[in-house]
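Now for the letters of each chain:
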Amino acid sequence: MAFNGSPRKQWNTATLLGKALEGAASKGAETEIIHLYDLDYKGCISCFACKTIGGKSYGRCAVQDDLAPVFNRIEQAGAIVLGSPIYWGTVTGEMKSFMERLLFQYTTYTDPPGSLFPNKIGTGFIYTMNVTEEIMKEWGYAVNFNRNEATLRRILGGSEYMCSFDTYQFDDYSKVLATRFDPVKKKQRHEEVFPLDCQKAFDMGVRLAGK
Ligand SMILES: Cc1cc2nc3c(=O)[nH]c(=O)nc-3n(C[C@H](O)[C@H](O)[C@H](O)COP(=O)(O)O)c2cc1C
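Quick look at the structure, then.

Reading guide: rules and limits
Residues numbered from 1 in each chain as written. Predicted model: local features only at pLDDT ≥ 70, side-chain atom pairs only at ≥ 80, totals over all residues. Heavy atoms only, no water. Phe/Tyr/Trp six-rings, centres within 6.5 Å; stacked < 30°, edge-to-face > 60°. Helix = DSSP H or I, 4+ residues; strand = E, 2+ residues; numbered from the N terminus. Buried < 20%, exposed > 50% of the residue type's maximum accessible area, 1.4 Å probe, protein only. Lys NZ or Arg CZ within 6 Å of the ring centre and 35° of its normal. Contact = heavy atoms within 4.5 Å. Polar contact = N/O pair within 3.5 Å; in protein donor to acceptor, adjacent residues only side chain to side chain.

A few points about the packing of aromatic side chains
Within this structure, the stated rule accounts for 14 aromatic pairs. Aromatic side chains F145 and Y161 sit 5.7 Å apart centroid to centroid with 65° between the ring planes, which places their arrangement in the edge-to-face category. Here F145 is found in helix α5 (residues 141-156), whereas its partner Y161 is found in strand β6 (residues 160-164), with 16 residues between them in sequence. We classify F145 as buried; its relative accessible area is 1%. Where Y173 meets F181, the ring centres are 6.5 Å apart and the plane angle is 85°; that geometry is what we call edge-to-face. Relative accessible area serves as the criterion here: at 7%, Y173 is assigned to the buried category. Here the aromatic residues F125, Y127, W139, Y141, F145 and Y161 are joined through ring pairs into a cluster of three or more. Over the face of the ring belonging to F104 we find K51, whose NZ or CZ atom lies 4.2 Å from the ring centre.

Here you go:
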């Protein structure tokens, strides 16, 4: 199962998620993509029903909105891939709210923290962003990515991530005020490097389907 945290259904993030699913399908997996922006939900409301010992929602998110059936399906899934553009240095608000809800229900406030997720599954994360790899490092984005990787591994099973840098953001750079970017270089990168990112995403899907 892939989760698109971009509002755009056919752009960088969605394309790479599609490639990851193609990779998984090449190993015989049944695949589906869920566009988070199509769903009606909010982040964790801190009700602690999932932490209430003996309660009917112990280890399960009690909020009944569009994420409830999605969580049931994740418990049956063999692997999940999350994808998000970087907005202001981190994942989009929709992806953040999704992660709060997905992960909090299963984490235990024990020392060390444990997981109530009923399976062990592989997870992947695909981040897409405008910045180059050098700037990503300089601006410290990797701190978030590494933390997400560790959290997903601890709670759901396995985890890996990949980044697509310096993405093509607009279909016509001449129509927007974006003088920071060289449209020729952006196009060239889209034609030369993005296909390599697509291959990395495909390979991620192959690995996740094999676990
Ligand atoms: C609201 C907003 C905030 C953004 N903030 C960042 C940012 O902090 N760093 C960055 O590298 N790119 C930023 N971007 C660019 C997107 O991350 C980038 O274009 C991404 O590949 C878009 O994904 P999509 O094509 O799947 O929608 C931002 C874009 C938007 C719309």
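From this point on, the discussion continues.
Describing the side chain of S57
Structurally, the position occupied by S57 is in the loop between β2 (33-35) and α2 (67-76). Given the relative accessible area of 15%, S57 is considered buried. With residues up to four places along the chain from it excluded, the contact list for S57 reads A49, C50 and A62.

Topic: the side chain of D197
Along the chain, D197 falls in helix α7 (residues 194-210). Overall, D197 belongs to the buried group, its relative accessible area being 5%. For D197, the side chain forms a polar contact with the side chain of S164, separated by 2.8 Å. Ignoring anything within four residues of it in the chain, the contact list for D197 reads L16, M162, C163, S164 and F165.

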